[in-house]
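# Residue-level structural notes
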Amino acid sequence: MDKGYEKERFDSLSIKTSVAQKFNEFCKKMSRSKSMTLLMMLDFFETNGMSPNETLGPNMKTLESQIKKRINAVIAIIKDIEKHHDKPTTAMLQSLFMEFESAEKKGILEKELKQKNVQFVEKKESNNQL
């Protein structure tokens, strides 16, 4: 029995014998009842916005082209973010680090200069013994 449809009554449809045989074979392949198979087919067409008159060939191609367009749009967005957000921020951070590094280098140079200007020199030979 079909879940959720146990209490509904049956109705009949008039279809040609060859179509009924084909539909019965399809229902066996799907391992569903005739009602559930027909419901699944209707849901498929409604959710995908397709008509039974259309073939999937052109739709798959249009779907592929839509996906490619969306991918290209995402790439364009990422490039825009890099240009207008990441690169300026990176440049500002690098300039801050360059200023910080130059300040450190000046400090090191100043210390080296102070060490070179020695006022007192220790004698190597010492005659004064205690």
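Note that this is a predicted model, so its numbers are computed, not measured.

The helix and strand tally for the chain stands at 3 helices and 0 strands. Its helices and strands taken in sequence order, the chain reads α-α-α from the N to the C terminus. When the 130 residues of the chain are sorted by exposure, 5% land in the buried category. Of the roughly 13100 Å² of accessible surface on the chain, 58% is carried by carbon and sulfur atoms.

The final tally for this structure, using the stated rule, is 1 salt bridge. Ionic pairing is found between Lys68 and Glu64, a salt bridge with its closest N-O pair at 3.6 Å. Of this pair, Lys68 and Glu64 are both found in helix H3 (residues 56-116), 4 residues apart, which corresponds to roughly one turn of the helix.

What follows is about unusual backbone geometry. Peptide bonds are trans in most cases, and residues, glycine excluded, mostly fall at negative phi. Positive phi is not limited to glycine here, since Ser31 has a value of about 55 degrees. Residue Ser31 is classed as exposed on the basis of its relative accessible area of 63%.

Another aspect to go through is the packing of aromatic side chains. With the rule as written, the count across this model stands at 1 aromatic pair. Relative to Phe45, the ring of Phe44 lies with its centre 5.5 Å away and its plane at 70 degrees, an arrangement referred to as edge-to-face.

This paragraph deals with helix H2 (residues 34-48). The end-to-end C-alpha distance of H2, which contains 15 residues, comes to 21 Å, matching closely the 21 Å that a straight helix rising 1.5 Å per residue would cover. Positioned one or two residues after H2, Gly49 has a phi angle of 65 degrees, which is positive.

Side chains of residues three or four places apart in an α-helix project in the same direction, reflecting 3.6 residues per turn. Taking 1.5 Å per residue, 14 residues should reach 20 Å; helix H1 (residues 17-30) reaches 20 Å between its end C-alpha atoms and fits that length. Count one or two residues on from H1 and you reach Ser31, which has phi positive near 55 degrees.

Here we come to a nonpolar patch on the surface. A grouping of Leu13, Ile15, Val19, Phe26, Met30, Leu38, Met40, Met41 and Leu42 is seen on the molecular surface, where their side chains present a nonpolar patch of about 760 Å² in accessible area. Listed by contribution, the elements that provide at least two residues to the nonpolar patch are H1 and H2. The element contributing the most residues to the nonpolar patch is H2, with 4 residues. Within the secondary structure, Leu42 is located in helix H2. Note on Leu42: relative accessible area 46%, which makes it partly exposed.

This part takes up the confidence of the model for the chain. Mean pLDDT over the chain works out to 79, with 72% of the residues at or above the 70 mark. In the model of the chain, H3 stands out as the element of lowest mean pLDDT, 75, in contrast to H1, which has the highest, 93.

The subject of this paragraph is the side chain of Thr37. With respect to the element layout, Thr37 can be found in helix H2. Setting aside residues no more than four positions away along its own chain, Thr37 makes contact with Phe23, Phe26, Cys27, Met30 and Arg32.

Below, the discussion takes up the packing of H1 against H2. Packing of H1 against H2 leaves a shortest axis separation of 9 Å and a crossing angle of 90 degrees. Regarding the angle of H1 to H2, the classification is roughly perpendicular. On the side of H1, the interface is formed by Phe23, Asn24, Phe26, Cys27 and Met30, while H2 contributes Lys34, Thr37, Leu38, Met40 and Met41. Residues that form the contact of H1 with H2 fall into these classes: 7 nonpolar, 2 polar and 1 charged.

Rules of the game
Residues numbered from 1 in each chain as written. Predicted model: local features only at pLDDT ≥ 70, side-chain atom pairs only at ≥ 80, totals over all residues. Heavy atoms only, no water. Helix = DSSP H or I, 4+ residues; strand = E, 2+ residues; numbered from the N terminus. Buried < 20%, exposed > 50% of the residue type's maximum accessible area, 1.4 Å probe, protein only. Areas by Shrake-Rupley, 256 points an atom, 1.4 Å probe, with all protein chains shown as cover. Salt bridge = Lys/Arg side-chain N within 4 Å of Asp/Glu carboxyl O. Phe/Tyr/Trp six-rings, centres within 6.5 Å; stacked < 30°, edge-to-face > 60°. Expected span 1.5 Å × (residues − 1). Patch = residues over 30% accessible without salt bridge, like charges linked within 9 Å, V, L, I, M, F, W, Y side chains within 5 Å. pLDDT = per-residue confidence, 0-100. Contact = heavy atoms within 4.5 Å. Axes fitted to C-alpha atoms, helices over the stretch in contact; angles between N-to-C directions. Parallel < 35°, antiparallel > 145°, perpendicular 65-115°, else oblique. Nonpolar A, V, L, I, M, F, W, Y, C, P; charged D, E, K, R; others polar.

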